[in-house]
Amino acid sequence: MCGIVGAVSGSEVAPVLVDALKRLEYRGYDSAGLATYAGSLSVSKGVGRMETLDEALGLSGMEGRAGVGHTRWATHGKPSEGNAHPHTDCDGDLAVVHNGIVENYAELREGLEERGHVFSSYTDTEVVPHLLEERLDGSLEHALRETVSELEGSFAICAVGEDGLVAARNGSPLVIGLSDDANFVASDVPAILPYTRRVKYLLDGEMAVIKRDSVEVRDFDGEPVEREEEVVEWDAEEAERGGYEHYMLKEIHEQPRALAECMGGRLDELMGEVDPGVALDRDGMEVLEGVEFVGCGTSYHAALYGARLTGEFTGLPVNARHASEYRYGPVSGKNILTVGITQSGETADTLRAIERAGDEGHAVLVLTNVVGSTATRMTDDVVYLRSGPEIGVAASKTFTNQLACVAMLAIALGRESGDLPRSEAKHLIAELRDMPSKVQRVLDEVEDVESVAESYVDSEAFFFIGRGVDYPVAMEGALKMKEISYVHSEGYPAGELKHGPLALITRRTPVVAVLTSSPLYEKTLSSAKEVEARDGPVIAVASESDEDTGRFCEEVLRVPDADHRLSPLLSTVVMQLFAYHVARELGRPIDRPRNLAKSVTVE
Ligand code: F6R
């Protein structure tokens, strides 16, 4: 996700803005820019890292005691100078930086263009300065209030112009920093920490008018809000992790927001349609003979899940393949859609698999988190995960967004193929919409997971079991556990346990069973009972309303009730937290596990 800074000071702000942006580098970005106001607006932006940008941004011409800055991590439009923030209005009088996604930007842009506004980027953000320009009649605050009422989606917006600095928040964080000779706004505390520790947090639906000697907070209706000032106690390193002990934990907790961004603008509940991010060609669908999902590690688990849902919603033959095997193994048919899943877009095995699929004449679709990565240059059809940068080596928020993306793709394919009735699609879309808040509820119950993890930290090994759509969750649970805790872990389809692994079950080999409500619940419960009968402890992940599981399993961790085909998005979060807390108890270097790298660029 992108970074925002803004300042109004008694002296020049450009050096402060550049310094504050550098403090957001840890979040990752592909371009940056700033704007200052001193009678007229100066804007400077560029692509690349701050150290190379420093010169390009050329502070010499940037005068002004009020300004905004931004580090961009591309979601709409490739990394380029034109797409970098700040964006300006037609007259170049005001500049805007924005985090989040304006879901209705296409429709807003169309209207603005009809009214004569000229756009210079491919971003959703650029509608904001143009909307402000139309509504500006002396008060930037008033114009921003009117503008936010037209925006759908999540945003943190900061605008600077003749009238000073204003900011608004809805779904994307903003913090105000207060000091005697300057006031600040930022998306993240680390940006302003060298300048002040006195902060006020904006909440969703609130705006701030930031002047050198005052800050006024109001709601979107213009009513004043009394907000207590707080003092940040974190050091700079803690602040980068948002106060969490590890990046992985921070990223696990970012999942509700990341999921909301992933699905933003892609779901049409009313019509029961999903826009998966690429055009599905109806003629192509008619001749489509099958769908193959390929990926490695965590992304392979998303592939397994995608294959399962797509098979169910389309009736087409589907497959999930390890990318490393796909390259050398037999490849089926010609009229195949191959979906390559890779959060980094740089995994050598997956790139080679995508290449092979293309050579075989398949239609190729890539699901990735990184705009401009190698995978995105191998096909025209790319769906972005919109997870924001993931710093912990073990994938967390990119996995849940992969699950959401393949679920949306499966629904879209089901609708196009005519196999998924509209009413069913509407139901699934409504369930998807509820996922960010349900994931938040899972995160709110974290203490339960932590205490169960503490009880089993001395285990010899863990087994993870699930059936159907819960099998990929079990596989991912085991992978997370082995990666970050170094405790031996295996994921199995629940029915396979009795075909061998049961021989290993003892009191010291707990079995984590995905037992959320599903048509296969009783079957998985039988597997759990087999384990308990052999003295193995079962840690069940069960639905809130389920009263049975607790009678048979030693521990039960709860997730909100959900359609069983989508509840993997919830169970997965429990698995991540469980692995995290076991690893933490064992004192492992969670963000940098031994022998592993964030992207694996060798075969
Ligand atoms: C697990 C993990 C790895 C990656 C795998 C593929 O936490 O991060 O298993 O999933 O190396 O990486 P991408 O998705 O970048 O292709």
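Small disclaimer: the values here were computed from a predicted structure and weren't measured.

Each value, and the rule that gives it
Residues numbered from 1 in each chain as written. Predicted model: local features only at pLDDT ≥ 70, side-chain atom pairs only at ≥ 80, totals over all residues. Heavy atoms only, no water. Pairing = 2+ DSSP bridges. Helix = DSSP H or I, 4+ residues; strand = E, 2+ residues; numbered from the N terminus. Contact = heavy atoms within 4.5 Å. Axes fitted to C-alpha atoms, helices over the stretch in contact; angles between N-to-C directions. Near = heavy atom within 4 Å. Polar contact = N/O pair within 3.5 Å; in protein donor to acceptor, adjacent residues only side chain to side chain. Areas by Shrake-Rupley, 256 points an atom, 1.4 Å probe, with all protein chains shown as cover. Nonpolar A, V, L, I, M, F, W, Y, C, P; charged D, E, K, R; others polar. Patch = residues over 30% accessible without salt bridge, like charges linked within 9 Å, V, L, I, M, F, W, Y side chains within 5 Å. Salt bridge = Lys/Arg side-chain N within 4 Å of Asp/Glu carboxyl O. Lys, Arg positive; Asp, Glu negative; His and termini not counted. Charge placed at Lys NZ, Arg CZ, Asp CG, Glu CD. Core = buried A, V, L, I, M, F, W, Y, C linked by side-chain atoms within 4.5 Å. Buried < 20%, exposed > 50% of the residue type's maximum accessible area, 1.4 Å probe, protein only. Domains from an automatic or database assignment.

Caption draft 1: Seen up close, the sheet that holds strand 10 (residues 182–186). Here we have eight strands laid out as an open sheet, ordered 3-2-4-1-10-9-11-14, and antiparallel in their pairing. Here the strands that pair on one side only, and so sit at the sheet edges, are strand 3 (40–47) and strand 14 (230–231). Pairing between strand 2 (residues 31–38) and strand 3: eight bridges, direction antiparallel. Residue L34 lies in a different strand from strand 3, and its bridge partner there is S44. Docked against the sheet, helix 1 (residues 14–22) engages strand 1 (3–9), strand 2, strand 4 (66–72) and strand 10, running at close to 155° with respect to strand 2.

Caption draft 2: Representation of the site of the ligand within the structure. S299, T342, Q343, S344 and T347 are the nearest of the 14 residues found near the ligand. In this structure, S299 approaches the ligand through a side-chain N or O atom, which is 2.5 Å from an oxygen atom. Q343 places a main-chain nitrogen or oxygen 2.8 Å from an oxygen atom of the ligand. Its free accessible area being 410 Å², the ligand has 91% of it covered by the protein chains. Of all the secondary structure elements, the ones that give two or more residues to the shell around the ligand are helix 10 (297–314) and helix 16 (470–485). Here the residues of the shell around the ligand sort into five nonpolar, seven polar and two charged.

Caption draft 3: Fine view of a negative patch on the surface. Together, E103, E107, E110, E114 and E152 make up a negatively charged patch on the protein surface. Within the fold, E103 resides in the loop between strand 6 (95–102) and helix 3 (105–114).

Caption draft 4: Quick look at the nonpolar core. Ranked by size, the top nonpolar core spans 88 residues in total, and within it F293, Y305, V339, L367 and F578 carry the most contacts. Here the element with the most residues in this core is helix 13 (residues 397–417); it accounts for twelve residues. Mapping this core onto the domain boundaries places at least three of its residues in each of domain 2 (241–443) and domain 3 (445–591). With near-sequence residues (within four places) excluded, Y305 lies in contact with L403, V406, A407, V469, P472, R565, L566, P568 and L569. Counting 25 residues, the second largest nonpolar core, distinct from the first, contains A7, L34, A182 and Y247.

Caption draft 5: Main features of the environment of T342. Looking at the secondary structure, you find T342 in the loop between strand 19 (336–341) and helix 12 (348–359). Along the chain, T342 and F399 lie 57 residues apart, while their C-alpha atoms are 9.8 Å from each other.

Caption draft 6: The arrangement of the pairing of strand 2 in detail. Burial analysis of strand 2 places seven of its eight residues in the buried class, the great majority of the element. Following strand 2, the chain reverses through one residue before pairing antiparallel with strand 3; G39 in that reversal takes a positive phi of roughly 80°. Relative to strand 4, strand 2 runs antiparallel, the two being bridged by seven bridges. Bridge pairing links A35 to V68 in strand 4.

Caption draft 7: Geometry of the pattern of salt bridges. Scanning all chains against the criterion turns up 30 salt bridges. With a closest N to O distance of 2.6 Å, E134 and R115 form a salt bridge. Of this pair, E134 sits in helix 4 (residues 127–135) while R115 sits in the loop between helix 3 and helix 4, and the two are 19 residues apart along the sequence. For R441, the salt bridge goes to E544, with nearest N and O atoms at 2.6 Å. Placement of the pair is R441 in helix 14 (residues 422–444) and E544 in the loop between strand 25 (538–543) and helix 18 (549–552), with a sequence separation of 103 residues. Where salt bridges share partners, they join R115, E134, R135 and E150 into one cluster.

Caption draft 8: Representation of the side chain of R565 in the model. Topologically, R565 is positioned in the loop between strand 26 (555–559) and helix 19 (568–585). Within polar-contact distance, the side chain of R565 engages the side chain of E424 at 2.6 Å. Those residues within four positions of R565 in sequence are excluded, and the remaining contacts are Y305, L309, E312, F313, E424, H427, L428 and V469.

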